[in-house]
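So the chains spell out like this:
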Amino acid sequence: MSEGSLNKDFDEEKGPAPALAKQSATVVLADDGVKRTGGVLGKMWAAVLWADSFGVEVRGIERVPENERFHTSVRDIMYFWISADLTVASVALGTLGNSIFYLGLIDASLAILFFNLLCTLPVALFSTFGMQTGLRQMVVGRFSWGTIGIFLPVILNCIACIGWATINTIAGASALHAVSDTNPLPLPAGIVIIAVITLVVALFGYKHVHRFERYASIPVFIILCILLGQAAPHMSTGVAGMGSGEAASILSFGGTLAGFALGWSSLAADYTVNFPADSSKVKVFVYTYLGLNLPLIFCEVIGAGLMSTFENKTTWADRYETHGIGGLLGAPLSAMGGFGKFLLVILSLSMVANNIPNMYSFALTFQALGKFAQSIPRMFLVIFGTCIYVALAIPGADNFETALDLLLIILSYWLIIYCTVLVEEHWIFRGGNFKTGYNVEAYNTPALLPKGYAALGATCFGAMGAVLGMSQVWYVGKIGSLIGPPPFGGDIGFELSGAFAAVTYPILRMLEKKYVGR
């Protein structure tokens, strides 16, 4: 069978109904110490089984056995990431190079290129972990952090998923608001529209998430090409200058870019668990890497380019000041009249493709807190997460740019620590082999997993590096202050947090294995 084909009897879209129903019943009736019967929980799981008849995914973080994996087209992971990143959020990230760090188009574009190529490597690697283990990303983390230590990454990732969904929804609602100057759609209405569409797809689960993401990028790519054609003649190439000031800005912007690219590392395996275990690791890695970098670099460079048009198009600058990222995207399209407004509506709805992974993985991440959290069906956790980010997005719509930068920087600090711990555990202590180095069936058995002391210790040292290297309006670290001109210097918290964790984790892990035994 060719790589792109789908088995007629057993694939992620056409898996036989009786077999899928049997899988659902197996999850609900599993003797794994997770309470799913009696009282409110019993009613919730009964509702899930009813929803299963309409195609809603029942499985949460329970491992997917090899004989139940029907998703044979590994190329789908490339389409998935292209759609998830070919969105307004990626364009908005590119604008920060100028609006926050005062970089020109050329230096911002070079930072975009190299930081993305570097920071998407862990995401591509972790995508291969899902197909090899059948486990979700945060559950794989238990083999480094243990069932208690994993609480820290889980809590941080829940915050990240909600934070991203909030920021993304605000960006999309801003674009919808900018469609009309005379009768603009209220921001709360736009937020609710995007949230409802996201909820429907994320609620149905893995199969429908992949089905949606397979095609969602096509109209968005066409619209962005049209927008680029309208804006490119007005872009100004140039650099911010030379010297320590520009170097500090590049490093600080790089930390922001890293927060976005690395942001997918904490949920990468969630979307490959249904690939057959014997799928090509190289293909999954390469498809993931391409699927991330092609849209990220394309969209972010467009964002940087749009910010360079303000000298030639002062009216576009005015629209940006009035309507934010939505106004900036709408400015080049406004020359096309009603058709341009239609394109802006479609572009604004691209945020759904970015939000879906956040909400789908929020539920799975929450379940990784332990068996008590796993007893809550994934379906209800998706609804819960949606209510939270809608409640945050409506009052937070006026602080989009500042919130985006802060979220990305903080994410880069902890995500590089998380990636470092997992990579070193996999290659140094488990031989880079899941068959010989892991007992994947023990994912829910604390006595067979590490205590997590080493991972938590490395996190503390990594946090120390972040504090020393950060450069924020509210705090400048001792080392960060030396990177650029005063008073803010430059932000190298991302680099230092990763370096401190990388040096300390192997030492602490050897001590943990010696004195704890696992």
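All values derive from a computational prediction rather than experimental measurement.

Enquirer: How should the overall build of the protein be read in this particular structure?
Expert: When helices and strands are tallied, the protein shows 22 helices and two strands. Over its C-alpha trace the protein gives a radius of gyration of 23 Å, about what one expects of a compact globule, namely 24 Å for 518 residues. When its C-alpha atoms are laid out on the principal axes, the protein stretches across 65 × 50 × 45 Å. Restricting to contacts in the protein with at least 6 residues of sequence separation, those with at least 24 account for 84%. Of the roughly 19,600 Å² of accessible surface on the protein, a fraction of 70% belongs to carbon and sulfur atoms.

Enquirer: Even after reading the chapter, I still don't get the confidence of the model for the protein, so can you show me in this structure?
Expert: For residues with low pLDDT, the predicted coordinates do not support detailed interpretation. On average, residues of the protein score 88 in pLDDT, and 90% of them are at 70 or above. Contacts from residues 1-17, a stretch scored under 50 in pLDDT, to residues over four places away or in other chains number 38 contacts.

Enquirer: Please explain the pattern of salt bridges as it appears in this structure.
Expert: Oppositely charged side chains may form a pair once their charged atoms are brought near each other. Tallying each qualifying case throughout the model produces ten salt bridges. Among the ionic pairs, Arg136 bridges to Glu57, the shortest N-O distance being 3.2 Å. In this pair, Arg136 is assigned in the loop between helix H6 (121-133) and helix H7 (137-140) and Glu57 in the loop between helix H2 (39-52) and helix H3 (76-85), connecting sequence segments 79 residues apart. Assigned by exposure class, Arg136 and Glu57 land together as buried. When the shortest N-O distance is used, the salt bridge between Arg509 and Glu512 registers 3.1 Å. You can see Arg509 and its partner Glu512 sitting in helix H22 (residues 493-515), three residues apart, about one turn around the helix. This pair shows no difference in class: Arg509 is buried, exactly as Glu512 is. If you follow the salt bridges from partner to partner, you end up with Glu425, Arg430, Arg509 and Glu512 in one network.

Enquirer: Quick question: what am I supposed to make of H22 here?
Expert: Structural remark: α-helix, 3.6 residues per turn; residues separated by three or four positions point the same way. Counted at 1.5 Å a residue, the expected span for H22 with its 23 residues is 33 Å, and the 32 Å between its end C-alpha atoms agrees. A maximum bend of about 30° is found in H22 at Tyr505, where proline Pro506 lies one to four positions downstream. The positive-phi residue at the C-terminal boundary of H22 is Gly517, with phi of around 95°.

Enquirer: Looking at this model, I keep getting lost on unusual backbone geometry. Mind explaining?
Expert: Trans peptide bonds make up the majority, and among non-glycine residues the majority have a negative phi. In this structure, Tyr102 is a non-glycine residue whose phi angle is positive, near 60°. Examined against the element boundaries, Tyr102 turns out to sit in the loop between helix H4 (88-99) and helix H5 (105-119). Here Tyr102 falls in the exposed class, since its relative accessible area comes to 63%.

Enquirer: Would you take a moment to explain the nonpolar core for this structure?
Expert: Within soluble globular proteins, side chains that are nonpolar tend to cluster in buried spots. Trp81, Phe253 and Leu329 are the most contacted members of the largest nonpolar core, which totals 141 residues. The element best represented in this core is helix H9 (residues 151-177), accounting for twelve residues. Ignoring sequence-local partners within four residues, the contact set of Phe253 consists of Leu93, Gly94, Leu96, Gly97, Phe101, Leu103, Ala108, Ala111 and Ile112.

Enquirer: I keep staring at H4 and nothing clicks. Help me out?
Expert: Taking 1.5 Å per residue as the helical rise, H4 with its twelve residues ought to reach 16 Å, and the 16 Å between its terminal C-alpha atoms agrees with that figure. Among the twelve residues that make up H4, eleven are buried, leaving the element largely enclosed by the rest of the structure. Of all the positions in H4, only Val88, Ala89, Ser90, Val91, Ala92, Leu93, Gly94, Thr95, Leu96, Gly97 and Ser99 are classed as buried.

Analysis parameters
Residues numbered from 1 in each chain as written. Predicted model: local features only at pLDDT ≥ 70, side-chain atom pairs only at ≥ 80, totals over all residues. Heavy atoms only, no water. Helix = DSSP H or I, 4+ residues; strand = E, 2+ residues; numbered from the N terminus. Rg over C-alpha atoms; globule rule 2.2 N^0.38 Å. Contact = heavy atoms within 4.5 Å. Areas by Shrake-Rupley, 256 points an atom, 1.4 Å probe, with all protein chains shown as cover. pLDDT = per-residue confidence, 0-100. Salt bridge = Lys/Arg side-chain N within 4 Å of Asp/Glu carboxyl O. Buried < 20%, exposed > 50% of the residue type's maximum accessible area, 1.4 Å probe, protein only. Expected span 1.5 Å × (residues − 1). Bend = angle between axes of the 7 residues up to and from the residue. Core = buried A, V, L, I, M, F, W, Y, C linked by side-chain atoms within 4.5 Å.

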